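Next come the chains, spelled out residue by residue.
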Amino acid sequence: MEVLYPRCAGLDVHQASVVASVRIANGAKASHEVRTFESTTKALLALADWLGATGCTHVAMESTGVYWKPVWHVLEGHFELVLANASHIRNVPGRKTDVNDAMWIADLLAHGLIRGSFVPPAAIQELRDLTRTRKQLVRELARHEQRIQKTLEDANIKIVGVISDILGSSGRAFLNAIIAGESEPEKLADLASKRLRASRSQIVEALRGRVQEHHRFMLKLHLEQIGSLESVIDQIERRLGERLEPFREDVKLLVTIPGVSDTVAQVMASEIGMDMQRFPSADSLVSWAGMCPRSDESAGKRRSTRIRKGAPWLKTTLVQAAWAAVRVKNSYLRALFHRLKARRGAMKAIVAVAASMLRSVYYMLTRREPYRDLGPAHFDQRNRARTASRLLKRLKEMGIDVLQTRVSQPVALPVTL
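Residues numbered from 1 in each chain as written. Predicted model: local features only at pLDDT ≥ 70, side-chain atom pairs only at ≥ 80, totals over all residues. Heavy atoms only, no water.

Here we look at the pattern of salt bridges
Here's step 1: Summed over the entire model, instances satisfying the criterion amount to 19 salt bridges.
Here's step 2: The salt bridge partner of Glu-245 is Arg-248, with a shortest N-O separation of 3.5 Å.
Here's step 3: Taking the relative accessible area as the measure of exposure, Arg-248 reaches 26% and is therefore partly exposed.
Here's step 4: Residue Arg-359 is joined to Asp-283 by a salt bridge in which the shortest nitrogen-to-oxygen separation is 3.1 Å. Taken together, the residues span a long stretch of sequence, with Arg-359 in helix α14 (residues 346-367) and Asp-283 in helix α11 (residues 282-288) at a distance of 76 residues.
Here's step 5: Through salt bridges with shared partners, a single network forms among Arg-128, Arg-132 and Glu-271. (Salt bridge = Lys/Arg side-chain N within 4 Å of Asp/Glu carboxyl O. Buried < 20%, exposed > 50% of the residue type's maximum accessible area, 1.4 Å probe, protein only. Helix = DSSP H or I, 4+ residues; strand = E, 2+ residues; numbered from the N terminus.)

Structure below.
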């Protein structure tokens, strides 16, 4: 097998140490020099100096948790770095040691057998940290809201049934009054907003409960946590606005896709970046995101069609956006969903819609063009002969004979019962 990189290195990265193996090709043979370094900054700088002294040009490492990031930052700019998916370079079991792992990575890199993972530039990495942290905080905020509902149910307060948002203006007014010690349902009902659809009698009965001091303490605790989380989320939103300023035009393009809000566009920008040259094609981007069926075939039979693992932060956001997109009437994405839902079910259909949206993102960012909807009749127009054949076959199965007439313009076909 041809050697592409005569002097390269493989790194087996751990939390407290890094095992480095430098592979030096000498004709048909190769020698390995192995050293172990700590993961401190001083030791990583010594690692960089040692790799440079050996004449190493390319360095590969596993994407082990977040431990690879400090190593990457120290070596970046001095060597050609390759970040490998651990599942792609797994060695033969039975002879696993840190030294063997480092030597195996170096051998794979020398022969060009490692496919590098996508590592975005520093600006995109900052956006990732912000959008991912925001999502985690929003999830935690929702958990506190659920705990408030649980506490109210324990006190037999049924306001969840009369207001849509327990953290809205009316809900917060009720909660603050209950925490302050108010227990009369009539006085609490006076705090309700006039926009509530529920009648006053319904609100009064919903607020009639048995609130104890323990309930007030728990409600106050959760409300304080919610206020703190909302303050932090506001700070993240402002920071995101500043960091997204260089990509503002690209984000505006993404928002033209049905179902894509500003939040979804921000997540897309942070997860895949704005430079589509990193992905050879739209299908490569979809595969990287894990939005396509895995390749699992043996003896001519497909054993599994589950989607691949990958980009969980992007995948969940795309699926949520896809559910919003299929509700847009007279759109291509809605037609695609209903076309696949009849044969494959709703879950597979929605994943296909999300994958189609991601393909659109690839071409939009490559061409710097807004989204153009193909329309709900796209599939019928794309292959009219197949559509007509399918419909005729269906009518025949129903016992209806149809006189076929070829016309230039679509007209109603004569039907004989």
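Moving on, there is more to tell.
Structural notes on the sheet that holds strand β1 (residues 7-13)
Here's step 1: Read from one edge to the other, the open sheet built from 5 strands follows the order β3-β2-β1-β4-β5, with strand pairing classed as mixed. The open sheet has two edge strands, β3 (29-38) and β5 (80-84), and neither has a second partner. Sheet twist, expressed as the mean angle between neighbouring strand axes with direction ignored, is 20 degrees.
Here's step 2: Each of β1, β2 (17-26), β3, β4 (58-62) and β5 touches helix α3 (residues 98-110); the most contacted strand, β1, lies at about 140 degrees to it. (Pairing = 2+ DSSP bridges. Axes fitted to C-alpha atoms, helices over the stretch in contact; angles between N-to-C directions. Contact = heavy atoms within 4.5 Å.)

So, the packing of aromatic side chains
The description of two aromatic rings rests on the distance between their centres and on the angle between their planes.
Here's step 1: Inspection of every chain in the model, using the stated rule, returns 8 aromatic pairs.
Here's step 2: Residues Tyr-362 and Tyr-363 carry aromatic rings whose centres are separated by 5.4 Å and whose planes lie at 85 degrees to one another, so their mutual orientation is edge-to-face.
Here's step 3: Three or more aromatic residues link up through ring pairs in this structure, and these residues are Phe-118, Phe-279 and Trp-288. (Phe/Tyr/Trp six-rings, centres within 6.5 Å; stacked < 30°, edge-to-face > 60°.)

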